[in-house]
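Residue strings, one per chain:
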Amino acid sequence: MQSTEAAAGELQDRAALWSVGEIPAAEVVSAACDALVAGLDGPGLRVLAACTRAEADYDVHDLLPEALDELGLILHPAASEAGQEAAVRALARRMLAGELEPWELTFRINRRYGHELRLAARLAELDDEYAFLEFGGDSAAAQIDAEVTAEARRLAADHPRAPTV
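Keep in mind the model is a prediction, meaning the values are calculated, not measured.

A.B. asks: How do you make sense of the environment of Leu36 when you look at a structure like this?
C.D. replies: When you line up the elements, Leu36 lands in helix H2 (residues 25-38). For the pair Leu36 and Cys51, spaced 15 residues apart in sequence, the C-alpha to C-alpha distance is 13 Å. Apart from the residues within four sequence positions on either side, Leu36 is in contact with Asp41, Leu45, Arg46 and Ala49.

So, in C-alpha cells, the structure goes:
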C-alpha cells in the first residue's frame, strides 16, 4: 500500500498530465481510488473515485478541482506555464520510475512544448540529439540516455511532488 504522501503525489501528477492531455481521465479516477486506499479522504475525493471509466471523461473536469483542493493540492490551468511545468515534472518522474524510456520522455516534451518551455528546453535539445543517433552508435545513445536521466532527476528534485498531507 502507498503512503498517503505518495498517493497524494501520484494524484497531483496524474491531474497535471490529464490537464495537458497526456493521459485519459480514467487514470485520474484510478489515482483517486489509490488515494482512498492509502488513507486519504474527503467528500470530493470519494465522488471522484466513484466515477466509472465511462463517466470519467465527462465528470473529472468538474470533480477534480474540489478533490485536489480538499487535499491541499493544486490543479494548474493546462495552458499556464505552471501547469506545463507540473506536467513536465510528472513525466520526468514517470521516466525515473521506469514507465517511460528516456527517448520517450524527450519525444513527448519536444512534441508538446518544443523548445519554448524554458524548464524543458534541455530535454527538447536532447530529443534533437536522439535524431542524429544513427550516425553515433550505441555509446552515443547511452550517453544521451544518461543525460536525460540526469535532467529528469534534476526536474524531480527541484520541485517536490506534493505537500505532505
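A.B. asks: Quick question: what am I supposed to make of the packing of helix H1 (residues 4-19) against helix H5 (residues 81-96) here?
C.D. replies: Pairs of packed helices are described in terms of their axes, by the angle between the two and the distance that separates them. Two numbers describe how H1 lies on H5: the axes approach to 8 Å, and their chain directions differ by 120 degrees. The angle between H1 and H5 places the two elements in the oblique class. The handedness of the crossing between H1 and H5 comes out as left-handed. In contact with Glu10, Asp13, Arg14, Ala16 and Leu17 of H1, H5 contributes Ala86, Ala87, Ala90, Leu91, Arg93 and Arg94. Residues belonging to the contact of H1 with H5 are distributed by class as follows: 6 nonpolar, no polar and 5 charged.

A.B. asks: Help me understand the pattern of salt bridges in this model?
C.D. replies: A side chain with one charge may pair with a side chain of the opposite charge, provided their charged atoms come close. Within this structure, the stated rule accounts for 12 salt bridges. The salt bridge partner of Glu22 is Arg108, with a shortest N-O separation of 3.3 Å. Here Glu22, found in the loop between H1 and H2, pairs with Arg108, found in helix H6 (residues 102-113); they are 86 residues apart in sequence, far enough to count as distant. Assessed through its relative accessible area of 13%, Glu22 is described here as buried. Taken together, the salt bridges that share partners define one network made up of Glu22, Arg108, Arg111 and Arg112.

A.B. asks: Got a minute to help me understand helix H4 (residues 53-70) in this structure?
C.D. replies: Side chains of residues three or four places apart in an α-helix project in the same direction, reflecting 3.6 residues per turn. The largest bend in H4 is about 70 degrees, located at Asp59. Against the buried residues of H4 lie H1, H2 and helix H3 (43-49). In the stretch just after H4, Gly72 is the one whose phi turns positive, near 80 degrees.

Procedures and definitions
- Residues numbered from 1 in each chain as written.
- Predicted model: local features only at pLDDT ≥ 70, side-chain atom pairs only at ≥ 80, totals over all residues.
- Heavy atoms only, no water.
- Helix = DSSP H or I, 4+ residues; strand = E, 2+ residues; numbered from the N terminus.
- Contact = heavy atoms within 4.5 Å.
- Axes fitted to C-alpha atoms, helices over the stretch in contact; angles between N-to-C directions.
- Parallel < 35°, antiparallel > 145°, perpendicular 65-115°, else oblique.
- Left-handed = near helix turned anticlockwise from the far one by under 90°.
- Nonpolar A, V, L, I, M, F, W, Y, C, P; charged D, E, K, R; others polar.
- Salt bridge = Lys/Arg side-chain N within 4 Å of Asp/Glu carboxyl O.
- Buried < 20%, exposed > 50% of the residue type's maximum accessible area, 1.4 Å probe, protein only.
- Bend = angle between axes of the 7 residues up to and from the residue.

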